Amino acid sequence: MTAEEAEAVMAVPDIAVPLGLRDRAMLELLYATAIRRGELIALKLYDVDYARSTLIVRQGKGNKDRVVPLGERAKAWPVAYRDRVRPGLVVGRDPGTLFLSRDGHALEAKRLSEKVRGHVATAGIGKPGSCHLLRHTAATLMLEGGADIRFIQALLGHESLETRQIYTRVSIAKLAEIHAATHPGARLVRDRALLDAALADDGKD
């Protein structure tokens, strides 16, 4: 997604209702941190360090922990959810899981995917996808914004060159766009007559 399309998805949940505010908080976290679906579901209350604007992903892919930045905006939504909505979702003994379902349990992976997919569809951006779309978008936009691939690799929790291979390939479209707009030699239309003349002369040899 483009940054504008991502913002359209963020704005879909109705934050005037409790579960809408919860969904907005989840979308913001997925988009800001590029964590995986299962990593979001597994988050505990104590995994978010609001003072430092970070969260810890415990036992992510490869059974390794990692710390990722939240950013001020992405931190604000979980805070609002935690303080205004979550207490009303707890049923019986508090499980300590950050994001709870209507019945007080941790969200199921399939249900979370359906929820996010529905918000993406409602945004009307014409692109299908769910949790991984937000993860992929975050990484791609950071790369296009100038982030070093090594930092993106650390954010995503990748250890191999998989990140470089995937996101370098994705960003080539943006590179082509920038090249066409800025490289003096890329303006073929301007020099079309000159090129045609050169090709015509070349054909005579």
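Residues numbered from 1 in each chain as written. Predicted model: local features only at pLDDT ≥ 70, side-chain atom pairs only at ≥ 80, totals over all residues. Heavy atoms only, no water.

**With respect to the nonpolar core**
Link 1 in the chain: Core analysis: the biggest nonpolar cluster contains 47 residues, and Leu40, Leu55 and Phe99 have the highest contact counts within it.
Link 2 in the chain: Breaking this core down by element, the ones donating at least two residues are helix 1 (3-10), helix 2 (18-33), helix 3 (37-42), strand 2 (54-57), helix 4 (72-89), helix 5 (109-122), helix 6 (131-144) and helix 7 (149-156).
Link 3 in the chain: Tallying contributions element by element places helix 2 first for this core, with eight residues. (Core = buried A, V, L, I, M, F, W, Y, C linked by side-chain atoms within 4.5 Å. Buried < 20%, exposed > 50% of the residue type's maximum accessible area, 1.4 Å probe, protein only. Helix = DSSP H or I, 4+ residues; strand = E, 2+ residues; numbered from the N terminus.)

**A word on the sheet that holds strand 3 (residues 66-69)**
For sheets, the rule is that strands pair by backbone hydrogen bonds, running either parallel or antiparallel.
Link 1 in the chain: Within the open sheet, the three strands sit side by side as 1-2-3. Their pairing is antiparallel. At either margin of the open sheet sits one strand with a lone partner, and together these are strand 1 (48-49) and strand 3.
Link 2 in the chain: Pairing between strand 1 and strand 2: two bridges, direction antiparallel. Each bridged residue has a counterpart across the sheet, and for Asp49 the counterpart in strand 2 is Thr54. (Pairing = 2+ DSSP bridges.)

**Concerning helix 6**
Link 1 in the chain: With 14 residues, helix 6 ought to run about 20 Å at 1.5 Å a step, and its terminal C-alpha atoms sit 20 Å apart, in line with that.
Link 2 in the chain: Along helix 6, the positions that sit buried rather than exposed are Cys131, Leu133, Leu134, Arg135, Thr137, Ala138, Ala139, Thr140 and Leu143.
Link 3 in the chain: Downstream of helix 6 by a residue or two, Gly146 has a phi angle that is positive, lying close to 110 degrees. (Expected span 1.5 Å × (residues − 1).)

**Regarding the pattern of salt bridges**
Link 1 in the chain: Tallying each qualifying case throughout the model produces 14 salt bridges.
Link 2 in the chain: Among the ionic pairs, Lys127 bridges to Glu5, the shortest N-O distance being 2.7 Å. Linking Lys127 in the loop between helix 5 and helix 6 with Glu5 in helix 1, this pair joins segments that are 122 residues apart in sequence.
Link 3 in the chain: The shortest N-O distance in the salt bridge between Arg73 and Glu7 comes to 3.0 Å. Linking Arg73 in helix 4 with Glu7 in helix 1, this pair joins segments that are 66 residues apart in sequence.
Link 4 in the chain: With relative accessibility at 32%, the residue Glu7 sits in the partly exposed group.
Link 5 in the chain: Several salt bridges share partner residues, and in doing so they unite Glu7, Arg24, Glu28 and Arg73 into one network. (Salt bridge = Lys/Arg side-chain N within 4 Å of Asp/Glu carboxyl O.)

**Here's the deal with the packing of helix 5 against helix 6**
Helix-helix packing: each pair is described by the crossing angle between the helix axes and the interaxial distance.
Link 1 in the chain: Close contact between helix 5 and helix 6 brings their axes to 8 Å; oriented N to C, the two are set at 65 degrees. Here Leu112, Ser113, Val116 and Val120 of helix 5 come into contact with helix 6, specifically with Cys131, Leu133 and Leu134.
Link 2 in the chain: Tallied by class, residues from the contact of helix 5 with helix 6 come to six nonpolar, one polar and no charged. (Axes fitted to C-alpha atoms, helices over the stretch in contact; angles between N-to-C directions. Contact = heavy atoms within 4.5 Å. Nonpolar A, V, L, I, M, F, W, Y, C, P; charged D, E, K, R; others polar.)

**Focus on the side chain of Ser130**
Link 1 in the chain: Tracing the chain through its elements places Ser130 in the loop between helix 5 and helix 6.
Link 2 in the chain: Polar contacts involving the side chain of Ser130 include one to the main-chain carbonyl oxygen of Ser113, which spans 2.9 Å.
Link 3 in the chain: In contact with Ser130, other than residues within four places in its own chain, are Ser113, Val116 and Arg117. (Polar contact = N/O pair within 3.5 Å; in protein donor to acceptor, adjacent residues only side chain to side chain.)

**What to know about the confidence of the model for the protein**
Interpretation of the predicted coordinates at a detailed level should be avoided for regions scoring low in pLDDT.
Link 1 in the chain: With 75% of its residues at a pLDDT of 70 or more, the protein has an overall mean of 82.
Link 2 in the chain: Mean pLDDT across the elements of the protein ranges from a minimum in helix 9 (residues 192-202), with 55, to a maximum in helix 5, with 96. (pLDDT = per-residue confidence, 0-100.)

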